[in-house]
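Here is how the chains run, residue by residue.
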Amino acid sequence: KSDHLEMSELVRLIDAASAESPTSHALICLLGLCGLRSGECSELQVDDFEARADGSARLRIGSRNGGEGLSIELGRHTARACREAIGGRTSGPLLPGHDGARIQPAAMRRTLQRLAKAANVTSEAITTQALRRTYFAAARASGVPEHDIAASMGFRSRAMLEYYGVDRSSVP
């Protein structure tokens, strides 16, 4: 069993999330297409999202793993998902939970399990960390330079590239 999803599984998961709700869709895009940590997703605020007239967008992410914060360019699909999750709101969490407060890690896990079932993806493989690893594997397979991967994932050392590059499923 792999420690990340195949791209076809991620696509099915994104489709299931899109059908479920704007918040679920944005969550899966941010985890699987941007490699954000669950805590980073939980902390995002509406004003961290910078939409542009041409449809592109940037997202400001707070302090990453004790380091400095950064802004990342969002792909059009993720930008659209975030716009839809925000709707007409001008403040508050980018990804609200059912109570309107920021989404909590337990709610993320429940959402992932529900979406995995709907997308017919082996649910044991679905964690926020697995989606982060999926982003890493896809970026590496697509030839994204390692320094760009490291920057986008908030890595402060080369050791993290090596750590993420190991397939945990083959380790006893």
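No experiment lies behind these values; they were computed from the predicted model shown. Residue numbering note: each chain is counted from 1, following its sequence as written. Whole-chain, interface and lining totals are the exception, using all residues; otherwise, since this is a predicted model, local features are given only for residues with pLDDT of at least 70 and side-chain atom pairs are given and counted only at 80 or more. Excluding hydrogens and water, the side-chain values take into account all heavy atoms of the structure.

Caption draft 1: Examining the sheet that holds strand E1 (residues 49-51) more closely. The strand order across the open sheet built from 3 strands is E1-E2-E3, with neighbouring strands paired in antiparallel fashion. Strands at the two margins of the open sheet, each flanked by one partner only, are E1 and strand E3 (70-74). For this sheet the average axis-to-axis angle between neighbouring strands, irrespective of direction, equals 20°. Pairing between two strands requires that DSSP report at least two bridges joining them. Helix and strand definitions follow DSSP, with helices as H or I runs of at least four residues and strands as E runs of at least two, each counted in order from the N terminus. As paired strands, strand E2 (residues 57-61) and E3 are joined by 5 bridges and run antiparallel to one another. In the sheet register, Ile-61 faces E3, and the bridge partner there is Leu-70. Every axis corresponds to a line fitted to the C-alpha atoms, with the helix fit spanning only the stretch in contact, and the corresponding angles, defined between N-to-C directions, vary from 0 to 180 degrees.

Caption draft 2: Up close: the layout of surface pockets. In this structure, the largest pocket occupies an estimated 290 Å³ of space. If you go around the largest pocket, you meet 16 residues; those closest to its centre are Gly-97, His-98, Ile-103, Ala-107 and Thr-111. If you list the elements that add at least two residues to the lining of the largest pocket, you get helix H2 (22-32) and helix H5 (105-118). When residues of the lining of the largest pocket are assigned to their parent elements, the largest contribution, 4 residues, is made by H5. Nonpolar residues are Ala, Val, Leu, Ile, Met, Phe, Trp, Tyr, Cys and Pro. Charged residues are Asp, Glu, Lys and Arg, and all others, Gly as well, are polar. Looking at the lining of the largest pocket residue by residue, the classes come out as 4 nonpolar, 7 polar and 5 charged. Points on a 1 Å grid, built from protein atoms alone, make a cavity when a 1.4 Å probe fits but cannot get out and make a pocket when they are open with protein on both sides within 12 Å along at least 5 of 7 lines; residues with an atom within 4 Å of a point are the lining residues. Grid points are joined across faces, edges and corners, and a volume is the space filled by probe spheres set on the points.

Caption draft 3: Spotlight on the pairing of E2. Only one face of E2 is buried, namely the one carrying Ala-57, Leu-59 and Ile-61, since none of Arg-58 and Arg-60 on the opposite face is buried. Counted between consecutive antiparallel strands, the loop separating E1 from E2 contains 5 residues, among which Gly-55 sits at a positive phi close to 95°. Only protein chains enter the accessibility calculation, which uses a 1.4 Å probe. A residue is then buried if its area is under 20% of the maximum for its type, exposed if over 50%, and partly exposed in between.

Caption draft 4: Structural detail: the pattern of salt bridges. Only one rule defines a salt bridge in this text: a Lys or Arg side-chain nitrogen within 4 Å of an Asp or Glu carboxyl oxygen. Going through the model one piece at a time under the given rule, you end up with 9 salt bridges. We note a salt bridge from Arg-114 to Glu-20, for which the minimum N-O separation is 2.7 Å. A residue pair is termed long-range when its members are at least 10 positions apart, and Arg-114 in helix H5 and Glu-20 in helix H1 (residues 7-20) qualify at 94 residues. The exposure class assigned to Arg-114 is partly exposed, which follows from its relative accessible area of 40%. Look at Glu-20 and you get partly exposed, because its relative accessible area is 32%. A salt bridge links Asp-48 to Arg-60, with the nearest nitrogen and oxygen atoms 3.1 Å apart. Here the residue Asp-48 occupies a position in the loop between helix H3 (38-43) and E1, and Arg-60 occupies one in strand E2, the gap between them amounting to 12 residues. Here Arg-60 falls in the partly exposed class, since its relative accessible area comes to 42%. Connected through shared salt-bridge partners, Glu-50, Arg-52, Arg-58 and Glu-73 make up one network.

Purely geometric numbers; function is a separate question.
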